[in-house]
Amino acid sequence: MLKIATLIATLIAASALASHAEAHGMGSFYASPFFRNQGRQPAQPHCAKDRLRLEEALARAQQRRLAELRAQRAADAAAAATKRARLAALKKQQAAARAAVLKEAAASSPTANTSVAKRGDMLPVTSTTTPTKTAENEQAATGPKTASVATPVTCRTYSPAADGLIEIPCK
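From a predicted model like this one, the values you see are computed outputs, not experimental measurements.

*Asks:* How should I be thinking about the pattern of salt bridges in this particular structure?
*Replies:* Between side chains of opposite charge, a pair can form when the charged atoms approach closely. Inspection of the entire model under this criterion finds three salt bridges. For the salt bridge of Arg51 with Glu55, the shortest nitrogen-to-oxygen distance reads 3.6 Å. Of this pair, Arg51 and Glu55 are both found in helix α3 (residues 48-108), four residues apart, which corresponds to roughly one turn of the helix. For Arg51, a relative accessible area of 48% translates into the label partly exposed. Residue Glu167 is joined to Arg156 by a salt bridge in which the shortest nitrogen-to-oxygen separation is 3.3 Å. Residue Glu167 is located in strand β3 (residues 164-169), and its partner Arg156 is located in strand β2 (residues 154-159); the two are separated by eleven residues in the primary sequence. For Glu167, a relative accessible area of 18% corresponds to the buried category.

*Asks:* Would you mind going over a nonpolar patch on the surface with me for this structure?
*Replies:* A cluster of nonpolar side chains, contributed by Ile4, Ile8 and Ile12, occupies part of the molecular surface with about 300 Å² of accessible area. Residue position: Ile4 is located in helix α1 (residues 2-23).

*Asks:* Just checking my understanding: could you explain unusual backbone geometry for this structure?
*Replies:* The general pattern is negative phi for most residues beyond glycine and trans for most peptide bonds. In the Ramachandran plot, Asp163 falls in the positive-phi region, its phi being about 55° despite a non-glycine side chain. For Asp163, the position within the fold is in the loop between β2 and β3.

*Asks:* So what exactly am I meant to see when it comes to the pairing of β3 here?
*Replies:* Consecutive side chains of a regular strand alternate in pointing toward one face of the sheet and then the other. Note that β2 and β3 share six bridges and pair antiparallel. Each residue of the ladder has a partner; that of Ser159, found in β3, is Gly164. Between β2 and β3, which pair antiparallel in sequence order, lie four residues; one of them, Asp163, sits at a positive phi of approximately 55°.

Cut-off values and rules
Residues numbered from 1 in each chain as written. Predicted model: local features only at pLDDT ≥ 70, side-chain atom pairs only at ≥ 80, totals over all residues. Heavy atoms only, no water. Salt bridge = Lys/Arg side-chain N within 4 Å of Asp/Glu carboxyl O. Helix = DSSP H or I, 4+ residues; strand = E, 2+ residues; numbered from the N terminus. Buried < 20%, exposed > 50% of the residue type's maximum accessible area, 1.4 Å probe, protein only. Patch = residues over 30% accessible without salt bridge, like charges linked within 9 Å, V, L, I, M, F, W, Y side chains within 5 Å. Areas by Shrake-Rupley, 256 points an atom, 1.4 Å probe, with all protein chains shown as cover. Pairing = 2+ DSSP bridges.

Next comes the structure, spelled out in C-alpha coordinates:
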(Lines give C-alpha, C1' and ligand atoms only; values in the text may rest on other atoms or scores of the structure.)
Protein backbone atom coordinates (compact mmCIF):
# COMPACT_ATOMS: atom_id res chain seq x y z
CA MET A 1 0.00 0.00 0.00
CA LEU A 2 2.85 2.30 0.75
CA LYS A 3 4.36 1.57 -2.65
CA ILE A 4 1.23 2.59 -4.53
CA ALA A 5 0.95 5.84 -2.55
CA THR A 6 4.59 6.67 -3.26
CA LEU A 7 4.09 6.09 -6.97
CA ILE A 8 1.04 8.33 -7.11
CA ALA A 9 2.81 11.10 -5.20
CA THR A 10 5.77 10.94 -7.55
CA LEU A 11 3.55 11.24 -10.62
CA ILE A 12 1.70 14.23 -9.19
CA ALA A 13 4.97 15.97 -8.29
CA ALA A 14 6.41 15.34 -11.79
CA SER A 15 3.36 16.74 -13.54
CA ALA A 16 3.37 19.78 -11.27
CA LEU A 17 7.05 20.39 -12.04
CA ALA A 18 6.47 20.07 -15.80
CA SER A 19 3.52 22.46 -15.79
CA HIS A 20 5.51 24.92 -13.66
CA ALA A 21 8.42 24.81 -16.12
CA GLU A 22 6.12 25.38 -19.09
CA ALA A 23 4.43 28.26 -17.33
CA HIS A 24 7.73 30.05 -16.72
CA GLY A 25 8.98 29.88 -20.32
CA MET A 26 11.30 26.93 -20.12
CA GLY A 27 9.40 25.22 -22.90
CA SER A 28 8.38 21.68 -23.31
CA PHE A 29 10.86 18.92 -24.03
CA TYR A 30 8.61 17.48 -26.68
CA ALA A 31 8.32 20.82 -28.47
CA SER A 32 12.09 21.38 -28.50
CA PRO A 33 14.14 21.21 -31.74
CA PHE A 34 16.20 18.39 -30.26
CA PHE A 35 13.15 16.15 -29.96
CA ARG A 36 11.76 17.19 -33.32
CA ASN A 37 15.11 16.47 -35.08
CA GLN A 38 15.50 13.24 -33.09
CA GLY A 39 18.90 14.34 -31.79
CA ARG A 40 20.44 15.11 -35.19
CA GLN A 41 22.32 18.35 -35.74
CA PRO A 42 21.89 20.25 -39.01
CA ALA A 43 24.55 19.48 -41.63
CA GLN A 44 25.03 23.16 -42.56
CA PRO A 45 25.04 26.11 -40.23
CA HIS A 46 21.72 27.81 -40.21
CA CYS A 47 23.32 31.01 -41.47
CA ALA A 48 26.01 31.34 -44.13
CA LYS A 49 27.12 34.60 -42.50
CA ASP A 50 28.73 32.69 -39.60
CA ARG A 51 30.94 30.69 -41.95
CA LEU A 52 31.85 33.82 -43.92
CA ARG A 53 32.75 35.70 -40.71
CA LEU A 54 34.95 32.80 -39.62
CA GLU A 55 36.80 32.71 -42.94
CA GLU A 56 37.34 36.49 -42.86
CA ALA A 57 38.66 36.31 -39.30
CA LEU A 58 41.12 33.57 -40.29
CA ALA A 59 42.31 35.60 -43.29
CA ARG A 60 42.83 38.69 -41.09
CA ALA A 61 44.79 36.65 -38.55
CA GLN A 62 46.99 35.22 -41.30
CA GLN A 63 47.66 38.71 -42.73
CA ARG A 64 48.54 39.96 -39.24
CA ARG A 65 51.02 37.10 -38.73
CA LEU A 66 52.62 37.76 -42.13
CA ALA A 67 52.99 41.48 -41.33
CA GLU A 68 54.64 40.62 -38.00
CA LEU A 69 57.03 38.21 -39.76
CA ARG A 70 57.98 40.86 -42.34
CA ALA A 71 58.60 43.43 -39.61
CA GLN A 72 60.75 40.95 -37.67
CA ARG A 73 62.80 40.11 -40.77
CA ALA A 74 63.34 43.79 -41.54
CA ALA A 75 64.50 44.41 -37.96
CA ASP A 76 66.86 41.42 -38.17
CA ALA A 77 68.31 42.68 -41.47
CA ALA A 78 68.86 46.15 -40.00
CA ALA A 79 70.57 44.67 -36.95
CA ALA A 80 72.82 42.53 -39.15
CA ALA A 81 73.79 45.55 -41.28
CA THR A 82 74.62 47.52 -38.14
CA LYS A 83 76.74 44.65 -36.85
CA ARG A 84 78.62 44.38 -40.16
CA ALA A 85 79.31 48.12 -40.15
CA ARG A 86 80.53 47.97 -36.55
CA LEU A 87 82.86 45.04 -37.37
CA ALA A 88 84.26 46.85 -40.43
CA ALA A 89 84.96 49.95 -38.33
CA LEU A 90 86.62 47.80 -35.67
CA LYS A 91 88.84 46.12 -38.30
CA LYS A 92 89.86 49.51 -39.69
CA GLN A 93 90.65 50.71 -36.18
CA GLN A 94 92.72 47.59 -35.44
CA ALA A 95 94.60 47.95 -38.73
CA ALA A 96 95.38 51.60 -37.95
CA ALA A 97 96.56 50.66 -34.45
CA ARG A 98 98.73 47.85 -35.85
CA ALA A 99 100.26 50.23 -38.41
CA ALA A 100 100.98 52.76 -35.67
CA VAL A 101 102.65 50.09 -33.53
CA LEU A 102 104.76 48.90 -36.49
CA LYS A 103 105.79 52.47 -37.30
CA GLU A 104 106.75 53.10 -33.70
CA ALA A 105 108.63 49.80 -33.49
CA ALA A 106 110.50 50.56 -36.72
CA ALA A 107 111.44 54.01 -35.47
CA SER A 108 112.66 52.81 -32.10
CA SER A 109 114.30 49.55 -33.13
CA PRO A 110 118.11 49.48 -32.76
CA THR A 111 118.47 47.41 -35.92
CA ALA A 112 117.00 49.87 -38.33
CA ASN A 113 118.54 48.01 -41.27
CA THR A 114 115.99 45.17 -41.02
CA SER A 115 113.33 45.73 -43.60
CA VAL A 116 109.86 44.28 -43.66
CA ALA A 117 109.09 42.37 -46.81
CA LYS A 118 105.77 41.35 -48.24
CA ARG A 119 104.36 37.93 -47.47
CA GLY A 120 104.55 36.77 -51.05
CA ASP A 121 108.22 37.66 -51.36
CA MET A 122 110.03 34.41 -50.49
CA LEU A 123 113.25 34.82 -52.48
CA PRO A 124 116.55 34.61 -50.57
CA VAL A 125 118.42 37.84 -50.03
CA THR A 126 121.97 38.25 -51.26
CA SER A 127 124.18 40.90 -49.74
CA THR A 128 125.90 43.27 -52.13
CA THR A 129 128.94 44.27 -50.14
CA THR A 130 132.08 45.08 -52.11
CA PRO A 131 135.39 44.47 -50.42
CA THR A 132 137.57 47.54 -50.13
CA LYS A 133 141.30 47.33 -50.58
CA THR A 134 143.15 48.29 -47.47
CA ALA A 135 146.69 47.79 -46.43
CA GLU A 136 145.81 44.56 -44.66
CA ASN A 137 144.05 43.18 -47.73
CA GLU A 138 147.04 43.99 -49.93
CA GLN A 139 149.35 42.36 -47.47
CA ALA A 140 147.13 39.30 -47.29
CA ALA A 141 147.03 39.09 -51.05
CA THR A 142 150.78 39.16 -51.35
CA GLY A 143 151.56 37.22 -48.19
CA PRO A 144 150.37 33.89 -46.90
CA LYS A 145 146.71 33.13 -47.50
CA THR A 146 144.51 33.30 -44.39
CA ALA A 147 140.84 32.48 -43.96
CA SER A 148 138.72 35.55 -44.38
CA VAL A 149 135.49 36.11 -42.51
CA ALA A 150 132.53 35.88 -44.85
CA THR A 151 129.82 38.47 -44.72
CA PRO A 152 126.67 37.12 -43.04
CA VAL A 153 123.96 35.93 -45.37
CA THR A 154 120.55 37.32 -44.59
CA CYS A 155 117.39 35.21 -44.60
CA ARG A 156 113.77 36.20 -44.65
CA THR A 157 111.44 34.82 -41.97
CA TYR A 158 107.86 35.53 -41.04
CA SER A 159 107.31 37.71 -38.00
CA PRO A 160 103.85 37.76 -36.39
CA ALA A 161 104.64 41.10 -34.74
CA ALA A 162 105.37 42.70 -38.09
CA ASP A 163 102.71 40.59 -39.85
CA GLY A 164 105.12 40.00 -42.68
CA LEU A 165 108.58 38.78 -43.67
CA ILE A 166 111.66 40.38 -42.13
CA GLU A 167 115.34 40.04 -43.02
CA ILE A 168 117.62 38.62 -40.31
CA PRO A 169 121.11 37.10 -40.40
CA CYS A 170 121.05 33.39 -41.13
CA LYS A 171 122.49 31.02 -38.56
